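Overview (structure and organization)
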Amino acid sequence: MIQSVDIKVCGMTREADVDLALSLGADFLGFIVYSKSPRGLTLERAAELAARVPEGQRVVVDVETSADDLTRYRDAGFDRFQIHAALPISLPTLAVWSDIVWRDRLWLAPRLSPEDVFPESVLEYTDTVLLDTYSKDQVGGTGETGDFERFASLKQQYEDTQWILAGGLAPQNVLDAITRSGASRIDVNSGVESAPGKKDPEKLRELFRVLRGE
């Protein structure tokens, strides 16, 4: 049982899944508005679902968002703004994102390959970094587990930053992933699904049983 881990359940598309995740004690729920994602929603639908979620727990997820769109997401009532971005990340663009939603609500998800050096300069504009498993053909949501040791090293090196571990986390591997990475925040998606965008109730319950002892 690991009580201290914050759990974000991402890729929500259905009311029943939102309600179940909340009842189990999810700390954050993620709604993807990137149109190319198999879990992608319109902003209107994402906001409709997010209205079921308590304030402070609503995360909108997009890729290399425009300033206008980010403003729309903010005005739609979301609390955290998870943006996936390829390297190199434009620091002027990052500064705009940070200015619109504030650095403490911007969750940056850089597409960091095993060969890439972590771009330390981005930490001037965000307090939170999400590391997903790298794929040259896919922006997040790979369903594959990542480099836990590298995550642990970055978390130790930049201890003032909030680090979120993502990538293929499921009931059967989540304890090992947390032990090896030292993660205190995790993002789960495909590992608790029966199909893209459809959460499997038993997998979701089992994940929380493993982590919460419930």
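Below you will find a few notes about this structure. (Residues numbered from 1 in each chain as written. Predicted model: local features only at pLDDT ≥ 70, side-chain atom pairs only at ≥ 80, totals over all residues. Heavy atoms only, no water.)

Observations concerning the pattern of salt bridges
Operational definition: We define a salt bridge as a contact between a side-chain nitrogen of Lys or Arg and a carboxyl oxygen of Asp or Glu at a distance within 4 Å. Working definition: with a 1.4 Å probe on protein chains only, accessible area under 20% of the residue-type maximum means buried, over 50% means exposed, and in between means partly exposed.
Taken as a whole, this structure holds 16 salt bridges when the rule is applied. Here Lys199 makes a salt bridge to Glu193, at a shortest N to O gap of 2.8 Å. Residue classification places Glu193 among the buried positions, given a relative accessible area of 6%. By sharing partners, the salt bridges in this structure join Glu15, Arg45 and Glu48 into a single network.

Things to note about the pairing of strand S7 (residues 162-166)
The condition that has to hold: What counts as a helix is a DSSP run of H or I of at least four residues, what counts as a strand is a run of E of at least two, and both are numbered from the N terminus. In this description, strands pair whenever DSSP reports at least two bridges between them. Crossovers are marked right-handed if the path from the first strand over the helix to the second runs clockwise, as seen with the strands pointing away from the viewer.
When you tally the buried positions in S7, you get 4 out of 5 residues, the bulk of the element. Relative to S7, strand S6 (residues 128-131) runs parallel, the two being bridged by 4 bridges. Along S7, the bridge assignment pairs Thr128 with Gln162. Relative to strand S8 (residues 185-188), S7 is paired through 2 bridges, and the arrangement is parallel. Each bridged residue has a counterpart across the sheet, and for Ala166 the counterpart in S8 is Asp187. Remark: the S7/helix H6 (residues 174-181)/S8 crossover connection has right-handed handedness.

Re the nonpolar core
What counts, and what does not: Only buried Ala, Val, Leu, Ile, Met, Phe, Trp, Tyr and Cys residues count toward a nonpolar core, and they belong to the same one when joined by side-chain atoms within 4.5 Å. Note on definitions: a residue-residue contact is assigned when non-hydrogen atoms from the two residues lie within 4.5 Å.
Formed by 57 residues in total, the largest nonpolar core has its most connected members in Ile7, Val9, Phe31, Phe118 and Ile186. It is helix H7 (residues 201-212) that provides the largest number of residues to this core, a total of 5 residues. Those residues within four positions of Val9 in sequence are excluded, and the remaining contacts are Ala21, Ala26, Phe28, Leu29, Gly30, Val188, Lys199, Leu204 and Phe208. By size, the runner-up hydrophobic cluster in this structure holds 10 residues, among which are Phe28, Ile32, Val61 and Ala166.

Some thoughts on helix H1 (residues 15-24)
Each α-helix turn comprises 3.6 residues. Residues three or four places apart therefore point the same way. Formally: The arc under discussion is defined with respect to the helix axis, by the directions toward the C-beta atoms.
Regarding H1, the residues found buried are Asp17, Val18, Leu20, Ala21 and Leu24. Along the long axis of H1, the arc covered by the buried residues comes to 170°, so they all point the same way. For H1, the exposed residues lying more than 90 degrees away from the buried face are Ala16 and Ser23. Among the structural elements, strand S1 (6-9), strand S2 (28-32), helix H2 (43-50), strand S10 (198-199) and H7 are those in contact with the buried residues of H1. Directly beyond the C-terminal end of H1, a positive phi value near 105° is found at Gly25.

As for unusual backbone geometry
Across the junction of Leu87 and Pro88, the peptide omega takes the value -5°, indicating a cis bond. Located in the positive-phi region is Trp102, a residue other than glycine, with phi close to 75°. The residue Trp102 is located in the loop between helix H4 (91-101) and strand S5 (106-111) in this model.

Overview of the packing of aromatic side chains
The following threshold applies: Only centres within 6.5 Å qualify two rings of Phe, Tyr or Trp (six-membered ring in Trp) as a pair; their planes then separate them into stacked at under 30 degrees, edge-to-face at over 60, and tilted for everything else.
Here the structure, examined in full by the defined rule, presents 6 aromatic pairs. Here Phe151 and Trp163 contribute two aromatic rings whose centre-to-centre distance is 6.3 Å and whose plane-to-plane angle is 75°, an arrangement assigned as edge-to-face. On the criterion of sequence distance, the pair formed by Phe151 in helix H5 (residues 148-157) and Trp163 in strand S7 is long-range, its members being 12 residues apart. Both rings, one in Tyr158 and one in Trp163, keep their centres 6.4 Å apart while their planes meet at 35°; by these two values the pair is tilted. Of the residues examined, Tyr158 reaches a relative accessible area of 13% and is grouped as buried. Through a chain of ring-to-ring contacts, three or more aromatic side chains come together here, namely Phe118, Phe151, Tyr158 and Trp163.

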